[in-house]
Amino acid sequence: MKDNSLIERYVHAVSKKLPVKLRKDVSDELNSIISDMLEERCGELVPTDKDILMVLTTLGAPYELANKYRGNEQDCLIGEPHFSNYIWWLKWALGITLIAQVINHITLFFSEPAQNYLLFFLAFIPEALRNLIFAFGVVTLIFAFLHFKGTRFEDELEDLLNLPDITDKSGSISKWDCVWGIGFNIAFLVLFLGIPQVMNIYADGIRTPIFNVDVLMSYWYIIVLFTGLGLAEEIVGLIERKYSIKMMVTNIVANIISAGLAIFLFAGRQIINPDAIDKLIDILGDTGNTAVNLLTNAQYYILALILLGIAIDAFITVFRTLRAKNNE
Amino acid sequence: MDNNEIITGLALELRRGTLVLLTLSQLKKPMYGYNLVKSLEDANISVEANTLYPLMRRLESQGLLSSEWDTDGSKPRKYYILTQDGKKVLEKSEKIWFDLTNKVNSILEADNNEGQ
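We now turn to the structure provided with this report. (Residues numbered from 1 in each chain as written. Chains lettered and ligands numbered in written order. Predicted model: local features only at pLDDT ≥ 70, side-chain atom pairs only at ≥ 80, totals over all residues. Heavy atoms only, no water.)

1. Remarks on the interface of chain B and chain A
At the junction of the two partners, chain B supplies 15 residues and chain A supplies 18 residues. Each partner contributes to the roughly 1500 Å² buried at the junction of chain B and chain A, and carbon and sulfur atoms together form 50% of this total. Three residues stand out in chain B for area buried against chain A, namely Tyr34(B), Asn50(B) and Arg57(B), and they jointly supply 39% of the buried area on that side. Where chain B touches chain A, the interface holds eleven residue pairs in polar contact (both at pLDDT 80 or more). At the level of elements, helix 2 (33–42), helix 3 (49–61) and strand 3 (77–82) of chain B are the ones that each hand at least two residues to the side of chain B that touches chain A. Considering every element that reaches the side of chain B that touches chain A, the biggest residue donor is helix 3 of chain B, with six residues. (Contact = heavy atoms within 4.5 Å. Buried area = accessible area lost by both parts, 1.4 Å probe. Polar contact = N/O pair within 3.5 Å; in protein donor to acceptor, adjacent residues only side chain to side chain. Helix = DSSP H or I, 4+ residues; strand = E, 2+ residues; numbered from the N terminus.)

2. A word on the packing of helix 1 (residues 3–26) of chain B against helix 2 of chain B
Residue and element names in this part refer to chain B. Close contact between helix 1 and helix 2 brings their axes to 11 Å; oriented N to C, the two are set at 110°. Between helix 1 and helix 2, the angle is such that the two are roughly perpendicular. Contacts between helix 1 and helix 2 involve Leu22, Thr23 and Gln26 on the former and, on the latter, Leu36, Ser39 and Leu40. Within the contact of helix 1 with helix 2, the residues separate by chemical class into three nonpolar, three polar and no charged. (Axes fitted to C-alpha atoms, helices over the stretch in contact; angles between N-to-C directions. Parallel < 35°, antiparallel > 145°, perpendicular 65-115°, else oblique. Nonpolar A, V, L, I, M, F, W, Y, C, P; charged D, E, K, R; others polar.)

3. Observations concerning the nonpolar core
Residue and element names in this part refer to chain A. Among the nonpolar cores identified, the biggest contains 45 residues, and Tyr10, Ile33 and Ile34 are the most heavily contacted of them. In contact with tyrosine 10, not counting residues within four places along its chain, are Ile34, Leu56, Leu59, Gly60, Ala61, Pro62, Leu65, Leu160 and Leu163. Listed in part, the 23 residues of the second largest apolar core include Leu193, Met199, Phe211 and Leu280. (Core = buried A, V, L, I, M, F, W, Y, C linked by side-chain atoms within 4.5 Å. Buried < 20%, exposed > 50% of the residue type's maximum accessible area, 1.4 Å probe, protein only.)

4. Section: the packing of aromatic side chains
Tallied over the entire structure, the rule returns twelve aromatic pairs over all chains. Here the aromatic rings of Tyr32(B) and Tyr79(B) are separated by 5.5 Å at their centres, their planes lie at 85°, and the arrangement is edge-to-face. Within this pair, whereas Tyr32(B) is found in strand 1 (residues 31–32), its partner Tyr79(B) is found in strand 3, the two being separated by 47 residues in sequence. Through a chain of ring-to-ring contacts, three or more aromatic side chains come together here, namely Phe188(A), Phe192(A), Phe211(A) and Phe226(A). (Phe/Tyr/Trp six-rings, centres within 6.5 Å; stacked < 30°, edge-to-face > 60°.)

This is the structure we're talking about:
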């Protein structure tokens, strides 16, 4: 169901491909010319959808008109009308490659018993990455070629009839993202305070917990506070439903406090169980100093990852808020 | 490639080259885009709106045209007019055009006369 009129969707489709400072002016100018062209075509009569479609066809496909306004018709490797198709095919190609890789790895697991399970499963990552990069390269090359040659798959009229709705989703927050976030925070709380022993390393019939359960329990209030901040952020998102200044401030404050809590908990306290690290080094066997170094300092690497995650989250929120403000 | 295609391509190139000159020549007085499309159409020069509007914007960014929105009428319209720089460019371009067409015409006419 398309809620906006064809003209609105057309003007939006052109202007969204232009620099922000031009958008308003070009939109007004386009509305003005479309109105003039319809007036000439229909006179006093109310224009029908067919009239509108004819006028828009005269103006051409939105991406072509936008290219003319920008004055650079071949300024990217893959532009419209190929870009949307490119993204569609890319998602399929990457998805299929990943599934094929998983099936291949599972088959291998049953056909050739592994000497070391951990290494066997870790080997999945570089193999999958290599194949995903290959799939990405092939799809990108094909579409770059098609774009360079100007090959078309759909006709212009079909493009015009299928213009996307103009609802700007860039500044909105999905309800399901928030619900997922709340669920994740609750699961995190239950996992770390309720059943931390399930995160363990199983070898030689003995389960060794990865985290130091006693330390986790003695600092339970830090974990509750950490989760509470995440929950507060998701709840504000659920109420606001869009990237607003209030949302951005909540996110930044919550992230600063979360970073402080993470540093407090991880720096100076033995959160990771040293027995688990020893066991992992034993399992990995003779894999060199890098792995040993990585495991010995795992606590600091985990802290660095948490801080990086917090920084990325804050950056994305600030970026989306500013972009939403810009589009208003 | 058949001859018709070559002729169409040549005509397109010739028209494209004159479009800036024609646009500048019409904007000694303020006009909005569709007004200009119609005024050229009246002179049997058909220009597509999707070519003319971006062109006027480009000429504006080059400082040859200036624009202003008029919101007093029944609908808002953007009027374009030549700037001082635009007038100078038009004047010089007109000279180049007349000079070129005179030379081209004299060559073509001489060839035609020889052929008769």
